[in-house]
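Close look at the chain arrangement
One-letter residues, chain by chain:
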Amino acid sequence: MLKRKMIKNFTWPLKIASREIEFTRLYPEFMMELPDAERGIHELDATTCIGCGSCARVCPNNCIEMVHFKFGNPLKNKKMLFPQIDYGRCMFCGLCVDDCPVECLKMGKNVIMAGWNREDIVKGPDFLATKRFSAKEVADLEAEAKRIAAEKAAAKKAAAKEGATAGEKKPAKEGNAAGKKKAEAKPEEGGAS
Ligand code: SF4
Ligand code: SF4
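Quick look at the structure, then. Everything quoted here is computed from the prediction, not taken from an experiment.

What counts and how
Residues numbered from 1 in each chain as written. Chains lettered and ligands numbered in written order. Predicted model: local features only at pLDDT ≥ 70, side-chain atom pairs only at ≥ 80, totals over all residues. Heavy atoms only, no water. Helix = DSSP H or I, 4+ residues; strand = E, 2+ residues; numbered from the N terminus. Buried < 20%, exposed > 50% of the residue type's maximum accessible area, 1.4 Å probe, protein only. Contact = heavy atoms within 4.5 Å. Areas by Shrake-Rupley, 256 points an atom, 1.4 Å probe, with all protein chains shown as cover. Near = heavy atom within 4 Å. Nonpolar A, V, L, I, M, F, W, Y, C, P; charged D, E, K, R; others polar. Core = buried A, V, L, I, M, F, W, Y, C linked by side-chain atoms within 4.5 Å. Pairing = 2+ DSSP bridges. Axes fitted to C-alpha atoms, helices over the stretch in contact; angles between N-to-C directions. Phe/Tyr/Trp six-rings, centres within 6.5 Å; stacked < 30°, edge-to-face > 60°. Lys NZ or Arg CZ within 6 Å of the ring centre and 35° of its normal. Salt bridge = Lys/Arg side-chain N within 4 Å of Asp/Glu carboxyl O.

**A short note on the overall build of the protein chain**
The helix and strand inventory of the protein chain stands at 5 helices and 6 strands. Its helices and strands taken in sequence order, the protein chain reads α-β-α-β-β-α-β-β-α-β-α from the N to the C terminus. Burial analysis of the protein chain (193 residues in total) assigns 25% to the buried set. For the protein chain, the share of sequence-separated contacts (at least 6 apart) that also reach a separation of at least 24 residues comes to 74%. Total accessible area computed for the protein chain in this model is approximately 14,600 Å², and 58% of it derives from carbon and sulfur atoms.

**Considerations on the environment of Ile 121**
Its place among the elements puts Ile 121 in the loop between β4 (105-107) and β5 (122-123). Residues in contact with Ile 121, not counting those within four places in the same chain, are Ile 85, Asp 86, Tyr 87, Gly 88 and Met 113.

**Thoughts on the site of ligand 1**
Around ligand 1 sit His 42, Cys 59, Pro 60, Cys 63, Ile 64, Cys 90, Met 91, Phe 92, Cys 93, Gly 94, Leu 95 and Cys 96, and those are all the residues in its vicinity. Its residues assigned to classes, the shell around ligand 1 comprises 10 nonpolar, 2 polar and no charged.

**Quick look at the nonpolar core**
In this structure, Leu 44, Ile 64, Phe 82, Tyr 87 and Leu 105 are the most contacted members of the largest nonpolar core, which totals 28 residues. Those elements that provide at least two residues to this core are α2 (54-58), β3 (81-86), α3 (95-99), β4 and α5 (135-192). Apart from the residues lying within four places of it in its own chain, the contact partners of Ile 64 are Cys 55, Ala 56, Cys 59, Pro 83, Gln 84, Ile 85 and Cys 96.

**Some details on the sheet that holds strand β1 (residues 42-45)**
Spatially, the 3 strands line up as an open sheet ordered β4-β1-β6, and their pairing is mixed. The strands lining the two open edges of the sheet, one partner per strand, are β4 and β6 (129-131). Taken pair by pair, the neighbouring strands of this sheet meet at an average axis angle of 35°, ignoring direction. For β1 and β6, the ladder comprises 2 bridges, and the chain directions are parallel. Opposite Asp 45, over in β6, you have Lys 131 as the bridge partner.

**A few points about the sheet that holds β3**
Pairing in this open sheet of 3 strands is antiparallel, and the strands run β2-β3-β5 from one edge to the other. Of all strands in the sheet, those bounded by a partner on one side alone are β2 (64-68) and β5. The pairing of β3 with β5 spans 2 bridges and is classified as antiparallel. Bridge assignment links Ile 85 to a residue of β5, and that residue is Lys 123.

**Notes on the site of ligand 2**
The immediate surroundings of ligand 2 are formed by Cys 49, Ile 50, Gly 51, Cys 52, Gly 53, Ser 54, Cys 55, Met 66, Cys 100, Pro 101, Val 102 and Cys 104. Looking at the shell around ligand 2, its residues break down into 9 nonpolar, 3 polar and no charged.

**A look at the packing of aromatic side chains**
The final tally for this structure, using the stated rule, is 3 aromatic pairs. Relative to Phe 71, the ring of Phe 69 has its centre 5.5 Å away and its plane inclined at 75°; by these criteria the two rings are edge-to-face. Look at Phe 69 and you get buried, because its relative accessible area is 6%. Between the aromatic rings of Tyr 87 and Phe 92, the centroid separation amounts to 5.7 Å while the plane-to-plane angle is 25°, which identifies the pairing as stacked. Among the aromatic residues, those joined into a cluster by ring pairs are Phe 69, Phe 71 and Phe 82. The aromatic ring of Phe 127 is capped on one face by Lys 123, whose charged end is 4.4 Å from the ring centroid.

**Notes on the pattern of salt bridges**
For the coordinates displayed, the defined rule picks out 7 salt bridges. Here Asp 86 and Arg 89 are joined by a salt bridge, their closest N and O atoms 4.0 Å apart. Across the pair Asp 126 and Arg 132 runs a salt bridge, and its minimum N-O distance is 2.7 Å. Looking at Arg 132, the relative accessible area reads 33%, which means it is partly exposed.

Have a look at this one:
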């Protein structure tokens, strides 16, 4: 068995060289089982992320940038901003995970992140999100967010109108009361003279 593997290791490069193609052989050939505490590429639940940016603020290497992503929840994440992580700088400390107030960010088990360019190791929410809404679900949530915003605006307008009417009524009442007092005081003055 060992002999066969050794022969394969010698013959493989010769085969590839003769074909004149660029080829990277996966080594080890089978991914080993990673321990529970392994910290790999982050996993983001875009359905619960509120876009607070705590993860970006706490990151000691400043490798998180908040970027737009359209498959989150517009009711919870009004600006639809989600973390994008630069794995060229990430040291997998997990502070961003610890600081997330809604526990929607966790360290995953995927450790394969090689790429041809520098940009290949900057992973946006589209890559990180293991949970996301569909376009239809987002459209429904957006409609709900608009309805709630319209209701709030109408209530605010009504409250402002009510406040203005109450303000107008008050001075009129006060004016009437002052007039009444004056009228009551006048005969007394006249009577004294
Ligand atoms: S694991 Fe640490 S270094 Fe990496 S993004 Fe999170 S806080 Fe930053
Ligand atoms: S992942 Fe967590 S900490 Fe980061 S923006 Fe979303 S809710 Fe906030």
